[in-house]
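Residues per chain, in single letters:
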Amino acid sequence: MPRALREQQMLDAAVKVFSRSGYHAASMDEIAEECDVSKPMLYLYLGSKEELFAACIRREADRLIARFAEAADPSLEPGDQLFRGLTAFFAFVAEHRDSWIVLYQQARAQGEPVVAEVAAARAEVSGAVTTLLRRAVREVGGDDVPGPRAGEARPDRGEAAAMAAIITGAADALAGWVLDTGPEAAEESARRLMSVIWIGLEPRLRGARYGG
């Protein structure tokens, strides 16, 4: 079997075991048994348990980001684009429950390099939403606060970046709520979030602000 395919099988098994047992309780023996390989081979291919967990984070985050980007067709209006992207996000969570548990319930409790992998994934998703919102601001004639200039290391403090952080945080929370309370269609979850955020966001893009 080609090495790349074997590695994917090992990662599949690791995500399943980490989701089921938790990072600390999961053992390399358990993961090796799940994917029917020897423990030495698991170490040879993917390194220590910490390195394996970080590899799981990278792969699952890349899959989630790819699903969002593929669905958020830039030819659509910003609202439709965000709705499609959110629908894909909630569909991914429903289809890959183990991945979500590893990404957002377990990963945040770990140290480096896992936390860095999660932060990078979240930054990429927020960046995609920020770009979408900046486009919306331009289309309605709003005036977004500029982000950092090229080469600057400081965080983007623009209005679109702040709104993107709110949207991604709310999507995380709603996904967790759906998993806890029972399944619902991805489109319904996306519609819930859009009803709360986008209806209020459109006036904000035109300059409206609470308290004047």
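Residues numbered from 1 in each chain as written. Predicted model: local features only at pLDDT ≥ 70, side-chain atom pairs only at ≥ 80, totals over all residues. Heavy atoms only, no water.

A. Geometry of the pattern of salt bridges. For the structure on display, the rule yields 11 salt bridges. Arg59 is paired through a salt bridge with Glu60; the nearest N and O atoms lie 2.8 Å apart. A single burial state applies to Arg59 and to Glu60, both of which are buried. Here Arg67 ties to Glu95 by a salt bridge, and the two come within 3.2 Å at their closest N and O atoms. Of the two residues, Arg67 is situated in helix α4 (residues 49-71) and Glu95 in helix α5 (residues 78-95); the sequence distance between them amounts to 28 residues. For Arg67, a relative accessible area of 25% translates into the label partly exposed. (Salt bridge = Lys/Arg side-chain N within 4 Å of Asp/Glu carboxyl O. Buried < 20%, exposed > 50% of the residue type's maximum accessible area, 1.4 Å probe, protein only. Helix = DSSP H or I, 4+ residues; strand = E, 2+ residues; numbered from the N terminus.)

B. The arrangement of the environment of Lys39 in detail. Of note, Lys39 is situated in helix α3 (residues 39-46). Among the residues examined, Lys39 registers a relative accessible area of 30% and is labelled partly exposed. For the pair Lys39 and Ser27, spaced 12 residues apart in the sequence, the C-alpha separation amounts to 10.0 Å. Contacts of Lys39, omitting those with residues within four sequence positions, involve Met28, Asp29 and Ala32. (Contact = heavy atoms within 4.5 Å.)

C. Quick look at α5. Over its 18 residues, α5 runs 26 Å from end to end, which matches the ideal 26 Å to within 8%, given 1.5 Å per residue. Of all 18 residues making up α5, 13 are buried, and the element is well covered by its neighbours. (Expected span 1.5 Å × (residues − 1).)

D. Representation of the confidence of the model for the protein chain within the structure. On average, residues of the protein chain carry a pLDDT of 82, and 83% of them reach 70 or more. Taken element by element, the protein chain is modelled with least confidence in helix α7 (residues 114-140), mean pLDDT 75, and with most confidence in helix α2 (residues 28-34), mean pLDDT 95. Below pLDDT 50 for its whole length, residues 145-154 participates in 12 contacts with residues either more than four positions away or in separate chains. (pLDDT = per-residue confidence, 0-100.)

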